[in-house]
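What the coordinates show
Residues per chain, in single letters:
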2 protein chains.
Amino acid sequence: MAPCALTVDSLKVLALADHLGDAIARRAQCIQNEIETKPGSHPLDEGTEGLRDVIAAGITSRDGFPCNAEDIFLTDGSAPPIHMMMHLLIRDEKDGILCPIPSHSLYTSFMVLQGATLVPYYLDESRGWGVRMSDLKKQLDGARSKGVNVRGLVVINPGNPTGHVLVEENQRGIVEFCRKEGLVLLADEVYQENIYIADRKFKSFKKIARSMEFGEGDISLVSFHSVSNGYYGECGRRGGYMEVTGFNSEVKKQVYKVASLSSCSNISGQILMSLVMNPPTVEDESYTSYQAERNGILLTFSRCAEAMVCALNRLEGVTCCKAEGAIFVFPSVRLPKKAIAAAEEQNTEPDVFYALRLLENTGIVVVPGSVFGQL
Amino acid sequence: MAPCALTVDSLKVLALADHLGDAIARRAQCIQNEIETKPGSHPLDEGTEGLRDVIAAGITSRDGFPCNAEDIFLTDGSAPPIHMMMHLLIRDEKDGILCPIPSHSLYTSFMVLQGATLVPYYLDESRGWGVRMSDLKKQLDGARSKGVNVRGLVVINPGNPTGHVLVEENQRGIVEFCRKEGLVLLADEVYQENIYIADRKFKSFKKIARSMEFGEGDISLVSFHSVSNGYYGECGRRGGYMEVTGFNSEVKKQVYKVASLSSCSNISGQILMSLVMNPPTVEDESYTSYQAERNGILLTFSRCAEAMVCALNRLEGVTCCKAEGAIFVFPSVRLPKKAIAAAEEQNTEPDVFYALRLLENTGIVVVPGSVFGQL
């Protein structure tokens with residue numbers, strides 16, 4: 001128990017130096033109890049039992065639908081479990097996964113590494129980067145007609161790199177589509193707390209599925225979350241979880257077996273992930289300062305995003321959708337013909353040419369859209 | 001810098017409560033400086049620059065041959081980088097890697113998962129689980145004659161699950177073999193500090209190779225280490241590194257690219273790994289207590305191992321090699337014919353049958369040898 005004890009001791013000692021000392025010490029004691037009083041207190045491969053209980057309770061409270069702690073696997077951030085699930089789905093180069101474009105390279109690069117077939121579906125910039133159901137169907141049918149076994153669909157909500165938040169109707173369409181077509185839905189929900197518009201609220205894909213009365217037997221769904229990407233942004237901590245639902249027990253055993261290959265995830269990340277899913281409540285002494293800090297960070301993000309979008313839309317040849325969530329905006333830049341010709345002369349993609357010139361002339365760093373598969 | 005700052009703050013506050021407060025606070029400040037004063041202080045994908053410098057200096061001092069910090073990748077324990085390097089070596093089912101038998105399932109299971117060809121070589125129990133060079137050559141030639149592209153060789157020293165420590169002559173033979181046959185040498189050296197016999201000292205495979213005057217251009221070698229497996233045994237912290245040498249710059253770029261897919265490893269594990277490779281020296285106030293604790297733990301391990309081997313060798317039908325290192329012994333149990341027949345009747349491997357009966361009758365847990373590929 002050395003690893004856990006040190007962490008909790010640190011928290012306790014830290015607590016002495018804090019005006020919320022008692023509250024922190026109580027929380028630390030609570031974590032220590034969760035870790036030490038359960039059988040198998042050496043971290044299990046799928047994560048410490050007590051912390052998985054806390055996270056499951058947090059998900060239950062978030063969704064209003066029950067979450068089973070046995071469905072939770074604690075992970076070193078979100079990349080390893082995403083790769084693990086894609087690895088499990090892909091048998092050979094004829095297996096494919098539907099991935100959004102533009103998409104985080106986490107997905108597209110791994111598909112290349114795995115030698116699998118990436119089946120792209122294109123997010124609709126003209127409708128705030130929503131998913132066009134007709135395109136989804138078209139891409140699936142197209143891939144199948146070429147002999148590709150499409151096994152799953154990746155959805156990133158709130159969007160990375162687009163900063164959009166899907167409307168509920170769109171989410172319901174995706175759930176229905178995956179159910180009907182027998183696709184595993186891989187839901188990247190790491191920006192679930194970063195939403196900037198008043199009329200949009202985060203709804204997990206599991207909440208959507210359950211509210212449509214689709215249960216375990218109807219749809220296979222994996223939700224990913226991490227401590228790197230919310231308003232907390234603890235990138236270096238590598239805490240994360242995946243919630244694995246709708247697989248039969250034989251498949252679940254294989255998921256467990258593959259997860260075990262890499263041993264447990266780091267215990268401080270596990271504790272931090274449990275704190276994210278179990279924040280102070282109104283009864284806690286720390287609630288007011290927690291709310292003030294959280295709201296302050298989110299307000300800053302939101303104001304920056306708004307200022308950025310405003311400024312971008314004032315530029316000639318540039319348009320940008322409203323930033324709804326996550327921490328990105330993905331503007332469209334229409335380059336003059338001469339710039340395109342100059343890029344071609346240098347044997348460079350026009351957007352890479354633009355990004356480099358922008359950096360050289362203004363010091364502003366942007367990532368070329370082609371990195372995300374967007375042309 | 002939030003993730004690092006919290007860690008170092010914890011150390012600082014902890015330091016106040018410790019009689020070695022000043023020494024700990026200085027070390028914490030030193031780590032904080034390493035992390036914060038370098039460019040790119042957000043953890044790089046391959047690990048924090050300053051901590052990689054510290055680890056490279058530790059390796060240089062351990063081996064007496066220079067280590068370049070650019071060859072160090074900080075990792076979440078040793079399993080992810082081992083799998084990553086095996087993943088990079090394996091293109092399809094015709095690619096193979098030489099793995100020792102008995103071997104940790106980390107290797108054998110991943111080969112199965114990857115659909116690659118495991119080329120076994122058998123450790124020689126009659127010579128303290130050393131590597132028989134003639135068997136190595138026989139297995140390699142046999143695999144090649146079947147059209148397998150053998151790309152690498154795994155060696156675990158000190159041995160898991162055998163508890164042996166290779167003699168230098170054997171290590172030199174393995175290095176020469178890999179160099180001559182063009183194999184990447186994957187050296188699992190996670191038990192490097194757990195050696196229990198006076199006349200054997202840990203020598204890294206890089207030290208051996210360099211002392212044979214084989215440089216970067218002669219042999220591709222990856223050494224793995226972690227904070228889980230030494231006398232420190234911080235399993236839940238998931239700190240580790242790999243040292244990647246002897247690859248050309250194009251290949252190195254690909255290693256970096258694949259490492260980047262999973263973002264950085266957890267920062268507390270990174271810090272802990274740097275502490276393992278940079279322990280207190282004789283000038284430090286904490287040196288005496290550090291030495292006492294370290295030697296005490298290792299002495300306990302060593303005494304337990306000796307008592308275990310003695311007891312095993314007194315049992316009828318059981319023989320066990322001397323425990324030289326790591327934390328394992330791997331006894332040979334000759335089962336009576338009746339036990340084998342009883343196992344067959346239950347459609348169970350004899351060793352699994354024995355292990356279960358031992359557990360039921362005595363409460364003693366052993367792992368059946370067949371789990372490690374040993375029959």
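As the structure is a computational prediction, the values presented were derived from the model and not from experiment.

Analysis parameters
- Residues numbered from 1 in each chain as written.
- Chains lettered and ligands numbered in written order.
- Predicted model: local features only at pLDDT ≥ 70, side-chain atom pairs only at ≥ 80, totals over all residues.
- Heavy atoms only, no water.
- Axes fitted to C-alpha atoms, helices over the stretch in contact; angles between N-to-C directions.
- Helix = DSSP H or I, 4+ residues; strand = E, 2+ residues; numbered from the N terminus.
- Parallel < 35°, antiparallel > 145°, perpendicular 65-115°, else oblique.
- Left-handed = near helix turned anticlockwise from the far one by under 90°.
- Contact = heavy atoms within 4.5 Å.
- Nonpolar A, V, L, I, M, F, W, Y, C, P; charged D, E, K, R; others polar.
- Expected span 1.5 Å × (residues − 1).
- Buried < 20%, exposed > 50% of the residue type's maximum accessible area, 1.4 Å probe, protein only.
- Arc of directions from axis to C-beta.
- Phe/Tyr/Trp six-rings, centres within 6.5 Å; stacked < 30°, edge-to-face > 60°.
- UniProt positions renumbered as here; feature names shortened; annotations may be inferred.
- pLDDT = per-residue confidence, 0-100.
- Salt bridge = Lys/Arg side-chain N within 4 Å of Asp/Glu carboxyl O.
- Pairing = 2+ DSSP bridges.
- Right-handed = clockwise from strand over helix to strand, strands pointing away.

A short note on the packing of helix 3 (residues 49–63) of chain B against helix 10 (residues 267–276) of chain B
All names here are of chain B. Viewed as axis vectors pointing N to C, helix 3 and helix 10 meet at an angle of 25°, and their least axial separation amounts to 8 Å. With respect to their mutual orientation, helix 3 and helix 10 come out roughly parallel. Judged by the sense of rotation from one axis to the other, the crossing of helix 3 with helix 10 is left-handed. On the side of helix 3, the interface is formed by Leu51, Val54 and Ile55, while helix 10 contributes Gln270, Ile271, Met273 and Ser274. Per-class residue counts for the contact of helix 3 with helix 10 are five nonpolar, two polar and no charged.

Structural notes on helix 6 (residues 133–145) of chain A
Residues and elements named next belong to chain A. The end-to-end C-alpha distance of helix 6, which contains 13 residues, comes to 18 Å, matching closely the 18 Å that a straight helix rising 1.5 Å per residue would cover. Along helix 6, the residues classified as buried are Asp135, Leu136, Gln139, Leu140 and Ala143. One face of helix 6 carries all of its buried residues, which in axial projection span an arc of 130°. Within helix 6, the exposed residues directed more than 90 degrees away from the buried face are Ser134, Lys138 and Ser145.

So, the packing of aromatic side chains
Describing an aromatic ring pair means giving the distance of the ring centres and the angle of the ring planes. Residue and element names in this part refer to chain A. Within this structure, the stated rule accounts for eight aromatic pairs over all chains. An angle of 80° between the planes, with centres 5.7 Å apart, marks the rings of Phe330 and Phe372 as edge-to-face. On the criterion of sequence distance, the pair formed by Phe330 in the loop between strand 9 (318–319) and strand 10 (332–333) and Phe372 in the segment after helix 13 (350–362) is long-range, its members being 42 residues apart. Each member of the pair, Phe330 as well as Phe372, carries the same accessibility label: buried.

Notes on the UniProt feature "domain: Aminotransferase class I/classII large" (unreviewed entry) in chain A
Under the present numbering, the feature "domain: Aminotransferase class I/classII large" (unreviewed entry) in UniProt falls on residues 55–373 of chain A. With 43% helix and 16% strand, residues 55–373 of chain A has end C-alpha atoms that lie 34 Å from one another.

Observations concerning the confidence of the model for chain A
Mean pLDDT over chain A stands at 90; residues scoring 70 or higher make up 93%. Predicted confidence is poor over residues 12–17 of chain A, with pLDDT under 50, and the contacts of this stretch with residues over four places away or in other chains come to 11 contacts.

Considering the pattern of salt bridges
In the structure shown here, the tally under the stated rule is 38 salt bridges over all chains. Ionic pairing is found between A:Arg210 and A:Glu216, a salt bridge with its closest N-O pair at 3.9 Å. With a relative accessible area of 41%, A:Glu216 lands in the partly exposed category. The residue B:Glu250 makes a salt bridge to B:Lys253 at a minimum N-O spacing of 3.1 Å. Of this pair, B:Glu250 and B:Lys253 both sit in helix 9 (residues 249–260), three residues apart, which is roughly one turn of the helix. A residue is classified by how much of its surface remains accessible, and B:Lys253, at 51% relative accessible area, is exposed. Each of the salt bridges in this network shares a partner with another, and the network as a whole consists of A:Lys137, A:Asp141, A:Arg144 and A:Glu181.

As for the sheet that holds strand 5 (residues 149–156) of chain A
Residues and elements named next belong to chain A. Strands sit in the order 1-8-7-6-5-2-3-4 across an open sheet of eight strands; the sheet is mixed. If you trace the sheet from one side to the other, it starts and ends with strand 1 (72–75) and strand 4 (130–131), each paired once. With six bridges joining them, strand 2 (residues 95–101) and strand 3 (residues 117–124) adopt parallel strand pairing. Counterpart to Ile101 in the pairing with strand 3 is Tyr122. Across the sheet, helix 4 (residues 79–89) touches strand 1, strand 2, strand 5, strand 6 (184–188), strand 7 (221–226) and strand 8 (240–245), and the angle it forms with strand 6 is around 165°.

Here we look at the pairing of strand 6 (residues 184–188) of chain B
Residue and element names in this part refer to chain B. Within strand 6, five of the five residues are buried, which leaves the element mostly enclosed by the surrounding structure. Alternating residues of strand 6 divide into Val184, Leu186 and Asp188 and Leu185 and Ala187, and every residue in both groups is buried. As paired strands, strand 5 (residues 149–156) and strand 6 are joined by five bridges and run parallel to one another. Paired with Val155 across the two strands is Ala187, which belongs to strand 6. Handedness of the strand 5-helix 7 (residues 168–181)-strand 6 crossover: right-handed. When strand 6 meets strand 7 (residues 221–226), the two strands line up parallel, connected through four bridges. By the bridge assignment for strand 7, Asp188 is matched with Phe224. For the handedness criterion, the β-α-β arrangement of strand 6, helix 8 (residues 205–211) and strand 7 is classed as right-handed.

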